[in-house]
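Chain and residue survey
For reference, the chains in residue letters:
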Amino acid sequence: MKTSIATVSISGTLESKLQAIAAAGFDGAEIFENDLLSTHLGARQIAAMMADLGLACTMFQPFRDLEGLPGPARERAFDRLERKFDVMADLGTDLVLVCSSCSPQAEGDRPRLIDDLAEAAERAGRRGMRIGYEALAWGRHVNDHREAWALVRDVDHPALGLVLDSFHSLARGIPSSSIGDIRGDKLFIVQVCDAPQLQMDYLGWSRHFRCMPGQGDLPLDDWAEAIRRTGYDGYWSLEIFNDRFRAGSASGVALDGLRSLRLMEGGIARPVSTSAALPPKAAPRGVEFLEFAASHDEAEALGAMLRPLGFRPTARHRSKDVTRWTQGPVNIVINCEPEGLAHSFDVVHGASVCAIGLAMDDVPGALARADALKVARFEQAIGPDEWPIPSVRGVGGSLLYFVDAATRDSMWAHEFPNALEPAAPVQLTGIDHIAQTMQFEEFLSWQLFYVSLVDMAKTPQIEIADPMGLVQSQAVESADGSVRFTLNGSLANQSLSSRFIQNYFGAGVQHIAFACTDIFATVDAAIAAGIERLEIPRNYYDDLEARWGLAPELIEAMAARDILYDRDGEAEYFQFYTRAFARRVFFELVERRDYAGYGAINAPIRLAAQARHKPDFL
Ligand SMILES: O=C(O)c1ccc(O)c(O)c1
Ligand SMILES: [Mg+2]
């Protein structure tokens, strides 16, 4: 796949955009007219800079309101076009995007459109240039790629071709089967983006909400497959208008862009058989461990919270100041080493989760895919005789380890041979989900990280009301539910999510939910062992009774234990929250009875309860 990106997609000056695009590994870039108008560099200097960076100039765009104009306005449009050919010659591209007219003056009768496009093509051909015609979803007369293709086909001039842009076609719900009518050699360039499914006007949706392939809801797999079938072998060029990306880091957005194109090449929701470039997604088999970085004092406080939940320190690392805590199948590793990544993590963030270990069937495959997606690997010196566990950089600079599912027991036995206390009776059945909090601007980036790297799918995005503002939340889950992350980002700077990021100096794990099969017994044991719990107001339980008509004894049993409840048809969900550890991280117990969600309806209740304990979180 030949990759390109429009400069409008990225923040910064034109020079910094081009540097970021080249560094991410794109083959080319479209120069967006505004970026040219606002730089002090001349078109020839830009061309020289792109040549130095190894970037092709794939297109100059957009040229607006060409066709259908009456009288003198028509002449002026062609004069303007000729001037742009001069600029293109200096930029070193022969392709200009002409988007369908939005001018209120433009007429729409077909012979006029054909005449004007033919005239433009004739002029372009004379100058050795080519015109790509794009139907904007909000174009005045032409707003459907089928219409744009019929015009291009009927003008039948070698200098006139079509531009397909996934937004304009898929936002309007135009079937991708219609792409089968387009001749591959007449498709001059393909522009790619994704978008969330929203009910709003096309222009506002396109200018503010476009996102990278895989981050939104458009059916891009079918669309890309239809384009490949035409025989098209030109550039796949990202064109992302998005306020968050323009406020984000140029290098980060460019890297995400390249990652998203690779993801699309291999198939976003289903594998593409023709893609040799990208190893298939590997399915995670579960969370093998969570690793906390902590000082000795913090480790003691963390242990005091883990004990009532049934955890015991069962073993010590063969050579390091690292303890393995276990409860049933759940492993928590507390790392108090005075150097290395965990220590740096503790210094920067305070006691917190510095690594997550995912059990995988195919570790080499997962690593090969990470490399192809340019996910950074992490390597740390390991002692002689230590078991190497490969890792990549994850959310907030933490690590994501890939643990070989087939050899995990041997790994634990080898790495943690020094027995400490015996394990307590089993109460937990696993880690239900891990909640990660990040800057709002980084939210889509981490979502793309998970769905492109491993075989996990995203659930619909929801908004949760914190007493101090809105939080955007979305889960990514493996098909068997064995690994679930919930991602949270907030714009409101006093919401719990935002305070977490400020207090923590960056993104990270904010809470960990453990699964159990009898939450009442598990909570009773935790309370008896002295867990500090989050108190839920009585009003909540009165409402529960009214809403679901639950038996009064059940309501009282939940109220006595501060257990929250949700229901979806016959499926039920029970939740219990601890207070926060180190003013930052808290734990949750959940019992699912066929329930698939995360109790979003209870999140505002929980957040308000946490807000009442503000000292818990700073
Ligand atoms: O929003 C616009 O005006 C605009 C301009 C050029 C494009 O290629 C496009 O898809 C949209
Ligand atoms: Mg476009």
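Residues numbered from 1 in each chain as written. Chains lettered and ligands numbered in written order. Predicted model: local features only at pLDDT ≥ 70, side-chain atom pairs only at ≥ 80, totals over all residues. Heavy atoms only, no water.

Taking strand neighbours across the sheet as the criterion, the nine strands line up as β14-β15-β16-β13-β9-β12-β11-β10-β17 in an open arrangement whose pairing is mixed. One side of each edge strand has no neighbouring strand; the edge strands of this open sheet are β14 (377-378) and β17 (418-419). Here six bridges tie strand β11 (residues 322-327) to strand β12 (residues 330-335), and the two strands are oriented antiparallel to one another. When the bridges of β12 are listed, Thr-323 appears paired with Ile-334. The sheet contacts of helix α16 (residues 443-453) involve β15 (391-393) and β16 (399-404), and relative to β16 the element is tilted by about 15 degrees. (Pairing = 2+ DSSP bridges. Helix = DSSP H or I, 4+ residues; strand = E, 2+ residues; numbered from the N terminus. Contact = heavy atoms within 4.5 Å. Axes fitted to C-alpha atoms, helices over the stretch in contact; angles between N-to-C directions.)

Taken together, 14 residues are adjacent to ligand 1, and Arg-64, Glu-134, His-168, Arg-207 and Glu-239 come closest. The side chain of Glu-134 places a nitrogen or oxygen atom 2.8 Å from an oxygen atom of ligand 1. Protein contacts shield 100% of the accessible area of ligand 1, which totals 290 Å² for the unbound molecule. More than half of the atoms of ligand 1 fall within 2 Å of the grid points belonging to the largest cavity. Per-class residue counts for the shell around ligand 1 are five nonpolar, three polar and six charged. (Near = heavy atom within 4 Å. Polar contact = N/O pair within 3.5 Å; in protein donor to acceptor, adjacent residues only side chain to side chain. Areas by Shrake-Rupley, 256 points an atom, 1.4 Å probe, with all protein chains shown as cover. 1 Å grid on protein atoms, 1.4 Å probe; cavity = no way out; pocket = protein on both sides within 12 Å on 5 of 7 lines; lining within 4 Å. Sits in = over half its atoms within 2 Å of the grid points. Nonpolar A, V, L, I, M, F, W, Y, C, P; charged D, E, K, R; others polar.)

Surrounding the magnesium ion (ligand 2) are the protein donor atoms Glu-134 (OE), Asp-165 (OD), Gln-191 (OE1) and Glu-239 (OE), at 2.1 to 2.2 Å. Along the chain, the residues donating to the magnesium ion (ligand 2) fall in the pattern E-x30-D-x25-Q-x47-E. Within this pair, whereas Glu-134 is found in strand β5 (residues 130-134), its partner Asp-165 is found in strand β6 (residues 160-165), the two being separated by 31 residues in sequence. An identical accessibility class is assigned to Glu-134 and Asp-165; each is buried. (Donors = N, O, S within 2.8 Å, 3.2 Å for Na, K, Ca; no water. Buried < 20%, exposed > 50% of the residue type's maximum accessible area, 1.4 Å probe, protein only.)

In this section: the sheet that holds β6. Pairing is parallel in the closed barrel, where eight strands are placed in the order β1-β2-β3-β4-β5-β6-β7-β8. Geometrically, the sheet is characterised by an average inter-axis angle of 30 degrees between neighbouring strands, direction not taken into account. The pairing of strand β4 (residues 95-99) with β5 spans five bridges and is classified as parallel. Paired with Cys-99 across the strands is Glu-134, a residue of β5. Taken strand by strand, helix α6 (residues 145-155) contacts β5 and β6, and its axis lies near 165 degrees from that of β6.

Another aspect to go through is the packing of aromatic side chains. Following the criterion strictly, the structure yields 20 aromatic pairs and no others. Centre to centre, the rings of Phe-292 and Phe-587 are 6.5 Å apart; their planes meet at 50 degrees, and the pair counts as tilted. In this pair, Phe-292 is assigned in strand β9 (residues 284-293) and Phe-587 in strand β26 (residues 585-593), connecting sequence segments 295 residues apart. For the pair shown, Phe-292 and Phe-587 are each scored as buried. For the pair Tyr-565 and Phe-574, a centre-to-centre distance of 5.3 Å together with 65 degrees between the ring planes defines the contact as edge-to-face. Each member of the pair, Tyr-565 as well as Phe-574, carries the same accessibility label: buried. Through a chain of ring-to-ring contacts, the aromatic side chains of Phe-292, Phe-311, Phe-514, Phe-581 and Phe-587 assemble into a single cluster. (Phe/Tyr/Trp six-rings, centres within 6.5 Å; stacked < 30°, edge-to-face > 60°.)

The next point concerns the pairing of β26. In terms of burial, β26 is largely enclosed, as eight of its nine residues are buried. Of the pairings in the sheet, the one linking strand β23 (residues 508-516) to β26 comprises five bridges and is parallel in character. Each bridged residue has a counterpart across the sheet, and for Ile-512 the counterpart in β26 is Phe-587. Two elements, strand β25 (residues 571-581) and β26, share seven bridges in a ladder whose sense is antiparallel. Bridge pairing in β26 links Tyr-573 to Arg-592. The turn joining β25 and β26, which pair antiparallel and follow one another in sequence, is formed by three residues; a positive phi near 50 degrees is taken by Ala-582.

Another point: the UniProt feature "binding site: Mg(2+)" (unreviewed entry) in the chain. In this structure's numbering, the residues bearing the UniProt feature "binding site: Mg(2+)" (unreviewed entry) are His-433, His-511 and Glu-588. For the residues just named, distributed over 156 residues, the greatest C-alpha separation is only 9.3 Å, placing them together at one site. When neighbours within four sequence positions are excluded, His-433 is seen to be in contact with Arg-484, Thr-486, His-511, Ile-512, Ala-513, Tyr-573, Glu-588, Val-590, Arg-592 and Tyr-598. By relative accessible area, His-511 is classed as buried at 5%. Look past the residues within four positions of His-511 in its chain and what remains in contact with it is His-433, Ile-434, Ala-435, Tyr-577, Phe-586, Glu-588 and Arg-606. (UniProt positions renumbered as here; feature names shortened; annotations may be inferred.)

Here we come to the side chain of Ser-473. Among the secondary structure elements, Ser-473 is positioned in strand β21 (residues 469-478). Judged by its relative accessible area of 9%, Ser-473 is buried. In this structure the side chain of Ser-473 is engaged in a polar contact, spanning 2.9 Å, whose partner is the side chain of Asn-488. Residues in contact with Ser-473, not counting those within four places in the same chain, are Phe-443, Pro-460, Gln-461, Ile-462, Ile-464, Leu-487 and Asn-488.

This next bit is on the layout of surface pockets. Estimated volume of the largest pocket: approximately 680 Å³. In this structure, the largest pocket is lined by 31 residues; those nearest its centre are Lys-320, Gln-380, Ile-382, Glu-386 and Tyr-401. Top element by residues in the lining of the largest pocket is helix α15 (residues 408-415). It accounts for three residues. (Points joined across faces, edges and corners; volume = space filled by probe spheres on them.)

Another aspect to go through is the state of the cysteines. Evaluation of the coordinates by the stated rule reveals zero disulfides. There is no disulfide at Cys-57, and the cysteine sulfur nearest it, in Cys-99, is 17 Å away. By relative accessible area, Cys-57 is classed as buried at 12%. Just so you know, Cys-99 is unpaired, no disulfide at all, and the nearest cysteine sulfur is the one on Cys-102, 6.4 Å from it. (Disulfide = S-S within 2.5 Å.)

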